Amino acid sequence: MTDTDSNKKIVTSFIDRLFSEGDLTAVDDYLGEDFVNHDPPFGASADREGMRAAGRMFRAAFPDWHSELHLLVAEGDLVAEVFTASGTHRGEVMGVAPTAQEVSLRGINVFRLRGGRISERWGRLDDLGFLQQLGLAPVAGT
């Protein structure tokens, strides 16, 4: 297995364990001690604990949260993924009571790996679309 293949496997395993399985120990197993999240989601801190908090938040509100991988590209120490995550709104999130509706979140992440662990993340999530589905932002034309 090449370093590139290994890096891709590390990233997909991390995403699967933290977000699709809800295993918060994935943070300890896959993120370096000095991990920096350059674009933390929804007010999370930029460190490992922020990533753990994001995983906890999504799984508490959407117990069936899972990520569908559309594209995975790697070069050197960088791995980029394009995905759509989704789940059924069963718990409170951002002050919104459960609706039992399916909610989705599209995004792109770029991870840097060092020594077999994820050391950095940059991401762009469709925050607006996510907030609109929760009723926290207006939908254009309505």
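Structure first, text after, so check above.
Our subject in this report is the structure included herewith. Throughout this description, residue numbers start from 1 for each chain and increase along the sequence as written. Where totals are concerned, whole chains, interfaces and linings use all residues; where local detail is concerned, this predicted model gives features only for residues with pLDDT of at least 70, and gives and counts side-chain atom pairs only at 80 or more. Excluded from the side-chain calculations are hydrogens and water; all other atoms, namely the structure's heavy atoms, are used.

**Looking at the overall build of the protein**
What counts is decided by this rule: Numbering of helices and strands runs from the N terminus; a helix is a DSSP stretch of H or I covering at least four residues, while a strand is a stretch of E covering at least two. Any pair of residues with heavy atoms lying within 4.5 Å of one another is described as a contacting pair. We treat Lys and Arg as the positive residues and Asp and Glu as the negative residues; His and chain ends play no part in the count. Charge coordinates come from a single atom per side chain, which is NZ of Lys, CZ of Arg, CG of Asp or CD of Glu.
Across its full length, the protein carries four helices and five strands. Seen in sequence order, the protein has helices and strands lined up from the N terminus as α-α-β-α-β-β-β-β-α. For the C-alpha atoms alone, the extent of the protein along its principal axes is close to 50 × 30 × 25 Å. Considering only intrachain contacts with a sequence separation of at least 6, the fraction spanning at least 24 residues in the protein is 54%. Counting 14 positive and 22 negative side-chain charges, the protein places the centres of these two groups 1 Å from one another.

**Remarks on the sheet that holds strand β1 (residues 31–37)**
Selection criterion: Strands are treated as partners if at least two bridges between them are detected by DSSP. Between N-to-C directions, angles cover 0 to 180 degrees, with each direction set by a line fitted to C-alpha atoms, over the stretch in contact for helices.
The strand order across the open sheet formed by five strands is β1-β5-β4-β3-β2, and the pairing between neighbours is mixed. If you trace the sheet from one side to the other, it starts and ends with β1 and β2 (66–75), each paired once. Mean inter-strand twist for the sheet, computed between neighbouring axes without regard to direction, equals 20°. As defined by bridge partners, β1 adjoins strand β5 (residues 117–125) across three bridges and the pair is classed as parallel. Directly across from Val 36, in β5, lies its bridge partner Glu 120. Docked against the sheet, helix α1 (residues 3–20) engages β1, β2, β3 (78–88), β4 (102–114) and β5, running at close to 160° with respect to β2. In the packing of helix α3 (residues 48–61) onto the sheet, the strands contacted are β1, β3, β4 and β5, and the crossing angle to β1 comes to about 75°.

**Some words on the side chain of Ser 119**
On the secondary structure map, Ser 119 appears in strand β5. Among all residues touching Ser 119, those that are not within four sequence positions of it are Asp 34, Phe 35, Val 36, Arg 112, Leu 113 and Arg 114.

**Quick look at the pattern of salt bridges**
Note on pairing: side chains with opposite charge can pair once their charged atoms come close. The criterion, for reference: In what follows, salt bridge is the name for a side-chain nitrogen of Lys or Arg lying within 4 Å of a carboxyl oxygen of Asp or Glu. Only protein chains enter the accessibility calculation, which uses a 1.4 Å probe; a residue is then buried when its area is under 20% of its type maximum, exposed when over 50%, and partly exposed in between.
Applying the stated criterion to the full structure yields eleven salt bridges. For Asp 29, the salt bridge goes to Arg 17, with nearest N and O atoms at 2.6 Å. A residue pair is termed long-range when its members are at least 10 positions apart, and Asp 29 in helix α2 (residues 26–30) and Arg 17 in helix α1 qualify at twelve residues. In this structure, Arg 52 engages Glu 49 in a salt bridge whose closest nitrogen and oxygen atoms are separated by 2.9 Å. With Arg 52 and Glu 49 both in helix α3 and three residues apart, the pair spans about one turn of that helix. Residue classification places Arg 52 among the buried positions, given a relative accessible area of 10%.

**A word on the side chain of Asn 7**
Position of Asn 7 among the secondary structure elements: in helix α1. Residue Asn 7 is classed as buried on the basis of its relative accessible area of 10%. Apart from the residues lying within four places of it in its own chain, the contact partners of Asn 7 are Gly 76, Asp 77, Val 79 and Leu 113.

**A word on α3**
In an α-helix, one turn spans 3.6 residues; hence positions three or four apart end up facing the same way. Inclusion rule: Between the first and last residue of a helix there are one fewer steps than residues, each counted as 1.5 Å, and that sum is the expected span.
When the terminal C-alpha atoms of α3 are compared, their 20 Å separation across 14 residues agrees well with the 20 Å that a helix rising 1.5 Å per residue should span. Residues Arg 48, Gly 50, Met 51, Arg 52, Ala 54, Gly 55, Phe 58, Arg 59 and Ala 61 constitute the buried set of α3.

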